[in-house]
Structure formats: structure tokens, C-alpha cells
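# Structural description and commentary
The primary structure of each chain is shown beneath.
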Amino acid sequence: MATPLLRVDNLTVRFPTTEPVSRLSFEVGEGETLAIVGESGSGKSLTALALMQLLPRSAKIPNGRIEFAGRDLLGLDQKAMRNLRGREIAMIFQEPMTSLNPVLTIGRQITEVLTLHEGIRGKAARARAMELLSLVRIPDPQRRIDDYPHQLSGGMRQRVMIAIAVACRPRLLFADEPTTALDVTIQAQVLDLLDTLRRELSMAVVLITHDLGVVAQWADKVVVMYAGRKVEQALPGALFRTPLHPYTRGLLAASPRLKTNLHYRDARLTEIPGSIVSAAGERGCPFRPRCAVARDSCAHFVPDLVEVSEDRLVACPYSFIPEVAHGVALGL
Amino acid sequence: MSTLTRIGRTFRRTAIQAVPTVLGIVILNFFLLQLAPGDAADVMAGEAGSATVETMAALRQRFGLDNPLLVQLFNYLYNLAHFSLGFSPRYGMPVADLIGQRLPGTLLLMAVALTIAIALGLVLGSLMAVFSGRLPDRLLSVVSLLFYSIPGFWIGLMLIVLFSVKLGWLPSGGSGTIGSNLTGLAGLWDKVRYMILPALSLALFYVAIYARLTRAAMLEVQSQDYVRTAAAKGLSPTVITIRHVLRNALIPITTMAGMHVGGMLGGAVVVETVYSWPGLGRLAFEAVMGRDFTVLLGILLLSSLLVIVANATVDLLHAWLDPRIGVR
Amino acid sequence: MASTEFAAGDARSRRLYADTREPAVSAEPEAKSWSNLHAPDARSASAASVPIAAGGRALKVFLRNPNAMFGVVFLSLVVLAALLAPVLYPADPLSMVARPFLWPGQNPAFPLGTDSMGRDVLSGILHGARISLFVGLMATALGLSFGILVGATAGYFGGWIDDLLVRLVEIFQTIPSFVLLVVMVAIAQPTAPVVTVAIAVITWPTVARLTRAEFRAIREKDFVMAARSLGYGHARIIFREILPNALPPLIVTSSVMVATAILMESALSFMGLGDPNVVSWGSMIGAGRELIRTAWYLTALPGLAIVFTVLALNLIGDGLNDALNPRFSQER
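Presented here is a report on the structure given in the accompanying data block. All values derive from a computational prediction rather than experimental measurement.

### Points about the overall build of chain A
- For chain A, the count of helices and strands is twelve helices and twelve strands.
- Here the analysis covers contacts within chain A between residues at least 6 apart in sequence; of these, 64% occur between residues at least 24 apart.
- For chain A, the accessible surface area stands at approximately 14,300 Å², while carbon and sulfur atoms represent 51% of it.

In C-alpha cells:
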């Protein structure tokens, strides 16, 4: 396999009292869509911010390595990193309602990034911004370009955010819960758009989501995160067919629509007992307090990721023992 | 909707709202001043030394002071409608002219002071926001609170002690070197020298307000999602601060600047007496001392109008700064 | 500058520190920043108990604030000085006691020196504290009472009463307050009670505006609805149910009002509009002003008394604001 576009190795994010991301590793190939799945608090958004180096000031990255197109991002200085942001690595956020500056027109906010990275100004920049607006399927771009964010709906704003993100044809796009704040009918449109753009612009996408339906339909590869750690990695088909980690199984069990093969749906992961907070400060496996199949030994060590087959990793030593899998299937 | 339409709508709304306020102020001031013991005729008689009952009556008749209250009010309103603020018996000239002479001095002083206050306040506030919670922030917080606690007339006098008496760098009062015919740059420099201390005395209090306001507004705006978006675009911190943070933070700051015009006018009254600055504030003080109520009424009305105009300006500024306003 | 004016703009600005999102001039100020003070439990708990419970926590925060404690200590010293002045210096501070123009430290019997008429400066400053505190406290009490009455009426009843009172407040807030103050005091003759009432007249609108906003917000809360459904009278609902919950911002404002009133009183006295029979800090500065070239200490010393007293009050106000408004204090 060729060198991946993005390689994250042993990444840890630490705040003074917590460690929301621990020793996380994954790779994203050119033009590939990687989904990072987990409930809120699992560290997936912080992972994206760490990769963009937009973490809050109090956060530190004590160890780990982030390699993008052969360059070590953690070794870059501020200026070099700024040069990458918006040009080669872009990001869209969860809240389209607040992610755009309310006092600038959307045209201005798109041309800003064109001027910064490609030196395009004035009429040319405006024309390019209009192209981008039609690229993200905003009707009537000539009129919309002078609108302010408050004049657009949530879905439209997220399209504008996407236009800003893809303005300089980035090679990698982070999409942090891009559809969570949108209406169900709009969600599919926005995700379809992202997928189309990914193919047209041949960029890689890291899709951060808590929605397994999104994963099933749009991801090439899935990383499941729990309490800042990767607990399972698989291709989507394999993941849905034979989920290995108890947490992944819980996730799937909590998404009834997937079982009945319905279309994707916002599946909140509330049916696993307990919450992710209860894992904080525990020794041993972080999922143990909520795990249906936990054993005494789980309290003593953090399970290592084990490669069980090609493209398949799992961090639970009991996950591939048949009776355990059976027990979970019965809903124990 | 275009910026111009927005501004136009805001302007109309503000103008309509102002009418009853202006009327209320005129009537309130008029009746308030009627409560005063003595009138202009008493004062003039007192200054003349001797006055008979007849001359007093003649004076009163001449200025319409012997009419019933409502007639006097009606006369005043009638004159007002014709842009006449009445006649000052004491100064022997129309009140409008009198105010016209003094107004530019005060407006200049206030404008310079407000500019200093906002500029310094923005710088200090931004510094405090950047170092939020750390030592520079804490120190500047205390300093700004100190500025906030110093009476303007007192710091004015202390500045005179330091810069005029001890160092001899700056003049201690007036608005220009008497008898000098300086022109061009030299003339301007002369004016500036006389302006520095009064403007600084007037500004200090507001520096404190704007510094604290800027700090709070910047911290608020910095935590907004669109600032993170700007960072994700690859913009440098300086560009983010100027283009994305400051413009949003300016909205609450301009609100306050409009509200401060009335307060600054009051401050100018005291500062102008400290520095013998020939302005409206000094005129107001002289009018109070001389019981010249026509002048006083004119000043009160005019300064209230000034506040209304300032508020309207701020509304318009908002309509320009903030596209969300004016839509409703 | 400073000293004098504001009243209105001033306390409003202070409020803005707490909530920078206060809308444009024409918009209604809402009491958002305070609502979290009693948000969760206000619904179930009876109204009166909530502020007390929150008060205990707020008091702790306040007592741990070194700046606020400095303010309390210094203000206590000023109060002590005011109380002890007649004991320490039973003679009239306006009477001649020594050679004029003694500089501070020249004669140990008069540690702060004497003025042009041979009056003791220290005695003047101690006695001056009495009038400053009297005017400051009384004017605040008056302005607060009247402002709360008007604001509560307007906010609670709404309708045409509200329209009328809001119009009245607007008129008062448009007239430059210090100019109005000067006019009122000049008309009614300068005595301490007149100055006190006049300051109250120009400060009540701020309180009324603040109270009205609070009342409008709290009026709709469930516990007020409950009180109404129990058939309580208006007076009881206003004073027992709503007012205790509207207090935190009013408490903060009142400490600033005292500071403002002291500044105003000193500015009036400085301009010769103070009570001529009572020594005050402002009148001492006014008298020393003529001698500023030779005996500047006569201006400096009473000025320092004003500065530190007002600073102490402002520090207390800040401390109260931090203690009573959790959202804001977290930012610090």
C-alpha cells in the first residue's frame, strides 16, 4: 500500500486534569472517507481539532506523531501550519448557525480564504466564490453571495461552510458532525454533497459522527472511539455484519433502524447503560463499568488493540470468544 | 436587503421615536426652572445695585416674565418651533447665538476625549483579553478600576500641577495662546497643546469603561464558533482579531459610546471650569450662577438633543456594523 | 470628566460588563446573564429560599476575593473615620487652629498640614468623610427605593403604565444628568439634603430600567404563576416572590451608585454648589485650587481620599458582580 495521506500515530491530547485522547493511531488514504464514531465525550472532536492544531490553549499534546503527506505536522511552526489550514487541510463544524461570522456577507467569507491562499482578489475572487456556491448547490448564487448568514437556513449555511472548506481544493477535509444540527431531510443532501465533492475533488474526508447510519452509507473505513481510545477499526460491511467490541455491539443494538435495514437515522447511543463520564478515572478497560461481558481481569489492564484480520483491529480480548458474542447477541 | 435600506429604516424609526422625548424634555425643563426663586430681572437688578419697583416691572414686561406660566411656556414652544431659543437678558444676545459661539469648543473637546478614550480603551481592553486571567490582565484591571474612581476635576488639577507648574510643558488653561497669530502647523500645535490636558482629564474615566468593555466583549467573541472557523481557514491571529473579533466586539462598545455623550457633556461642565475652556459647560455654569434660565433652558434642551442625535448615530452605526439589525 | 456626570450611563455600563450581548440601544435589555443564578431550582423551590441558598455560595466567593476584601477593609476605615471625627477633632473643622500653609509633616500636631486659613487638613478630611458617606448612602437609598418602585410597577403590570413609565425613564436618561443635577441644586439652594435628593432624582431611572427588565423576565417564571394561582395579592407577589429574585443585579448596582453619588457630591462641592456650612472633600479641593501653584497638597490630599473611597466601593461592586453572576466569574 502506498504512503497514506494522513498517518496519526500514538496521539495523546492532555488537559491539566484529563486526557480526552489517548494513544490514538489511524491512517487515511488519498480520496478515502474515514468515519470516526463514538458518543459525545469520546474525544472524536478533539482529535480533529488536534490534527488541525486548533486545540484550546490549555490542551497539550505530550506525545504522538501526525504525518500529513509526508510532513510532520507537530513539527511545523505556526506560520507553516496556517499555510496548510484552509489550503490543504480544511474543516467544517457541527453548528452551521454559529460557525459563520454574522456581520460579514457569505461572499466575503468565501473570498477571504481565496485571497489568503491563492491571492485571488476582487472580481476574480467574486466569480470564483459564485462558482463555489453553485458547486455546493446553492440556488441563485448571484443573489445569495451578498447575503448575510442570518438570511440563510441551517442547511444553506452548512453548504456555505463546505464551499469555504473546499475553496482551495484541499486534500483532506475534516467534517465534525456536519449534519447533527440539521433537519433529517437536509442531512442526506449535505452528506451526498460531501461525497460528490470528495470524488470530484479527489480529497480524503474524515467524517466525525455519532450516527452509525451515516457510517454505513458513506464511509470506506470506520474507527470506533470510546473514552479517547480506539476500540475497534473495520470496514463498514464487516463492522455491521460482525461487530467485535462490546461497545460496538452496544452501538449497533442501540440503532434499531439498522437492524431492520431501514435508511440511516440519527441513532443516539442511550441504550447502553451508564454514560461515558462513569469511565473517567477508572483503571483498566475504560468500557468495563458499562460492559455486559466484563470479567474481573478487565479491571487490571487496558486491553491492547489486536489485529484480528486484515483491516480489522479490536481492543477487547474477549470479543472474539464465541459464547461472549452469542451472549451479546441475545441482549445480555 | 442592502446596507442603505437598513440604515434608512433605522433612521426613520429613530426620528419618530425622538419626537415625544424631545417634547417631554422641553416641558419638564420649563416647569423645573419655574420652580426657581428669583428670575432674570432680579439678577439684573441686583447687579445694577439699585432698582425701583417700576424698572423691575418694566424689565419683566420686556422679557415677557410677567405673563402667566402657561403663556410663557406657549411662547417658548412657539419660538422653539421657529428655531429661536429666546433672548438672554444677561448677555444681551439671542440664546441660540450664545450657544452657537460656545458649542464648537465643547464638541471639539468631547470628540477628542471620546477618541482618546476609545482608542486607549480598545488597546488596553485587547491586551487584557489576550492575557486574560494572567498577571497583565489583573494589573490592568486594577489600573482601569482606579481610572474609573478618579474624579475628573481632581486629575485635571493634578495634571496641571505636574505638566504646567512643575514641568512647564503644557499650558494650564484656555484654548489657545492669547494674541498669537500662529497659522498652519504651528497654529495647530498651539491648539493641540491647550487641548491635551482637558481632553485627557475628560477621557480617563471612559478609558476605564472602554477597556473593561472591550475585554469582556473580546472574550465573549473569541469563544464564538466563527472565530474557530476563521482559524481553520488559516488566517493569522492578527487578521482574525481585526477582521472577525473586533468588528463584532465593536457592537456593544458603540452602544456605550452613544450613551456616554450625555455623561461626557456633564463631565465637560466640570473640566471646562478647571481649564477655563470656553465651551458650553462653562456657559451652563455661568448661567446657573447668574440665574439666566433662558440660557440654561437652551443648554439643557440642546444637550438633550445632542444625546438624541448621538443615540441615533449609534443606531445607524449599528445598522451598518450589524446586518441583523433593521430587519425587524 | 468622570467625577461628575454619568449616573445613568454609568451603572448601565457596569451592567454591560456582565452581559456584553446587551442589544442595541433601542432594544429591550433582557436579564439573561442573571437568570442562571436561580435557574434549575427556582421552578420547584419557593421563591424566597432561592436567593438565600445562592447567597451563601456567593458570600463565600466574595469573601475569597482579595480585591473585594481590600475594598471592604478600606471602606470600613472610612466609616470609622466618619464616626470618630467628632471625637478626635471635636472642634469645627472650618475654624482656624494654626499658622496657615503648614506643609504635611512640618508640624506633628497637624500631620497633613494646614490650609490658607490655618484650618487642619486632617480634621477636614475626617469630617469630610461624614458628608461624603451621608450623601452617598442616602442618595443611593432614595434612588434605589424610588427606582425599584417605578421599575417594579412598570415591569409587573405592563400595559399603558409600563409605556408611560418607560417614556419617563427615557426622558430622564436623555437629559445629561450632571447638567440637570447642577440646575436642580442651583435652583433649590445647596444644602446636604437638597444635594442628596437631587442625586437620587438623576440616579433612579437606571434602577428603574434594571428592575423593570428583571421583573419582566421573572414575571413569567413558574413560581410566580403558582403564586398568582394561589390568589396572592399584587403587593405580596411583587415584594415576596419577584423582588428577592431580582436582587442580585440591584445589589451590584447599588455599590456602584454609592461610588457615583460620592463623585457627584464632590464635583458639586468643587464647583461651589455644596453645603457652605459643612466641610467636604470636594469643597476642600475647590478651595485649594486657587493655590495650586504654591500649595498643591491642599488639592492632592482630599482628592486621594475621594479616589480611594470610590475605588474601595468599585472593588466591592466588582467582587459582588463576580460572586453573584457565576457565568461571568468563570471567565476571569
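### Quick word on the overall build of chain B
- A tally of helices and strands in chain B yields twelve helices and two strands.
- Helices (α) and strands (β) of chain B occur, in sequence order from the N terminus, as α-α-α-α-β-β-α-α-α-α-α-α-α-α.
- The long-range share in chain B, meaning contacts at least 24 apart out of those at least 6 apart in sequence, stands at 75%.
- Just so you have it, chain B exposes about 13,900 Å², and 69% of that area is on carbon and sulfur atoms.

### Here we look at the sheet that holds strand E12 (residues 312–314) of chain A
Residue and element names in this part refer to chain A.
- On the basis of which strands lie adjacent, the open sheet formed by eight strands has the order E6-E7-E8-E3-E9-E10-E12-E11 and mixed pairing. The open sheet has two edge strands, strand E6 (89–92) and strand E11 (306–309), and neither has a second partner. Across the sheet, the mean angle separating the axes of adjacent strands is 25° when strand polarity is ignored.

### Some points on the packing of aromatic side chains
- Tallied over the full model, the rule gives eleven aromatic pairs over all chains.
- Centroid distance Tyr-226 of chain A to Phe-287 of chain A: 5.0 Å. Interplanar angle 80°. Geometry classified as edge-to-face. Of the two residues, Tyr-226 of chain A sits in strand E9 (residues 221–226) while Phe-287 of chain A sits in the loop between helix H11 (256–259) and E11, which places them 61 residues apart along the sequence.
- Taking relative accessible area as the criterion, Tyr-226 of chain A reaches 0% and is therefore assigned buried.
- Pairwise contacts between aromatic rings join Tyr-226, Tyr-247 and Phe-287 of chain A into one cluster.
- The ring of Tyr-232 of chain C carries the charged tip of Arg-236 of chain C above its face, separated from the ring centre by 4.0 Å.

### Comments concerning the packing of helix H5 (residues 95–130) of chain B against helix H12 (residues 293–321) of chain B
Residues and elements named next belong to chain B.
- Between H5 and H12, the least distance of the axes is 10 Å, while the angle of their chain directions is 45°. Relative to H12, the element H5 lies oblique. The way H5 lies across H12 gives a crossing that is right-handed. In this structure, H5 uses Val-95, Leu-98, Ile-99, Leu-103 and Leu-107 to contact H12, whose residues at the interface are Thr-294, Val-295, Gly-298, Ile-299, Leu-302 and Leu-306.
- Residues of the contact of H5 with H12, tallied by class, amount to nine nonpolar, two polar and no charged.

### A word on the interface of chain B and chain A
- Opposite the 26 residues of chain B that make contact, chain A presents 29 residues.
- Summing both partners gives a buried area of about 2,300 Å² for chain B against chain A, and 56% of it is carried by carbon and sulfur.
- Our enumeration of links across chain B and chain A arrives at two salt bridges.
- Seen at the junction of chain B and chain A, the total is eleven residue pairs in polar contact (both at pLDDT 80 or more).
- Of all the secondary-structure elements, those providing two or more residues to the side of chain B that touches chain A are helix H1 (3–34), helix H9 (225–232) and helix H10 (237–275) of chain B.
- For the side of chain B that touches chain A, the per-class residue count stands at eleven nonpolar, six polar and nine charged.

### Brief notes about the sheet that holds strand E2 (residues 21–28) of chain A
Residues and elements named next belong to chain A.
- With antiparallel pairing, four strands are arranged side by side in an open sheet as E2-E1-E4-E5. The two strands at the open ends of the sheet, each matched to only one other strand, are E2 and strand E5 (71–72).
- Here strand E4 (residues 65–68) pairs with E5 via two bridges, running antiparallel. Across the sheet, residue Glu-67 finds its bridge partner in E5, namely Asp-72.
- On the sheet, helix H1 (residues 44–52) packs against strand E1 (6–13), E2 and E4 and is oriented at approximately 115° with respect to E1.

### Thoughts on the pattern of salt bridges
- One pass over the full model with this rule turns up 29 salt bridges over all chains.
- The closest approach of N and O atoms between Glu-112 of chain A and Arg-243 of chain B, which form a salt bridge, is 2.7 Å. Of this pair, Glu-112 of chain A sits in helix H3 (residues 106–118) while Arg-243 of chain B sits in helix H10, on two different chains.
- We classify Glu-112 of chain A as buried; its relative accessible area is 3%.
- Linking Arg-199 of chain A and Asp-195 of chain A is a salt bridge whose minimum nitrogen-to-oxygen distance equals 2.9 Å. Remark: Asp-195 of chain A and Arg-199 of chain A occur in helix H7 (residues 184–201); sequence separation between them is four residues, near one turn of the helix.
- Owing to a relative accessible area of 14%, Asp-195 of chain A belongs among the buried residues under this scheme.

Analysis parameters
Residues numbered from 1 in each chain as written. Chains lettered and ligands numbered in written order. Predicted model: local features only at pLDDT ≥ 70, side-chain atom pairs only at ≥ 80, totals over all residues. Heavy atoms only, no water. Helix = DSSP H or I, 4+ residues; strand = E, 2+ residues; numbered from the N terminus. Contact = heavy atoms within 4.5 Å. Areas by Shrake-Rupley, 256 points an atom, 1.4 Å probe, with all protein chains shown as cover. Pairing = 2+ DSSP bridges. Axes fitted to C-alpha atoms, helices over the stretch in contact; angles between N-to-C directions. Phe/Tyr/Trp six-rings, centres within 6.5 Å; stacked < 30°, edge-to-face > 60°. Buried < 20%, exposed > 50% of the residue type's maximum accessible area, 1.4 Å probe, protein only. Lys NZ or Arg CZ within 6 Å of the ring centre and 35° of its normal. Parallel < 35°, antiparallel > 145°, perpendicular 65-115°, else oblique. Left-handed = near helix turned anticlockwise from the far one by under 90°. Nonpolar A, V, L, I, M, F, W, Y, C, P; charged D, E, K, R; others polar. Buried area = accessible area lost by both parts, 1.4 Å probe. Salt bridge = Lys/Arg side-chain N within 4 Å of Asp/Glu carboxyl O. Polar contact = N/O pair within 3.5 Å; in protein donor to acceptor, adjacent residues only side chain to side chain.

Geometric descriptors of this kind do not, in isolation, establish any biological role.
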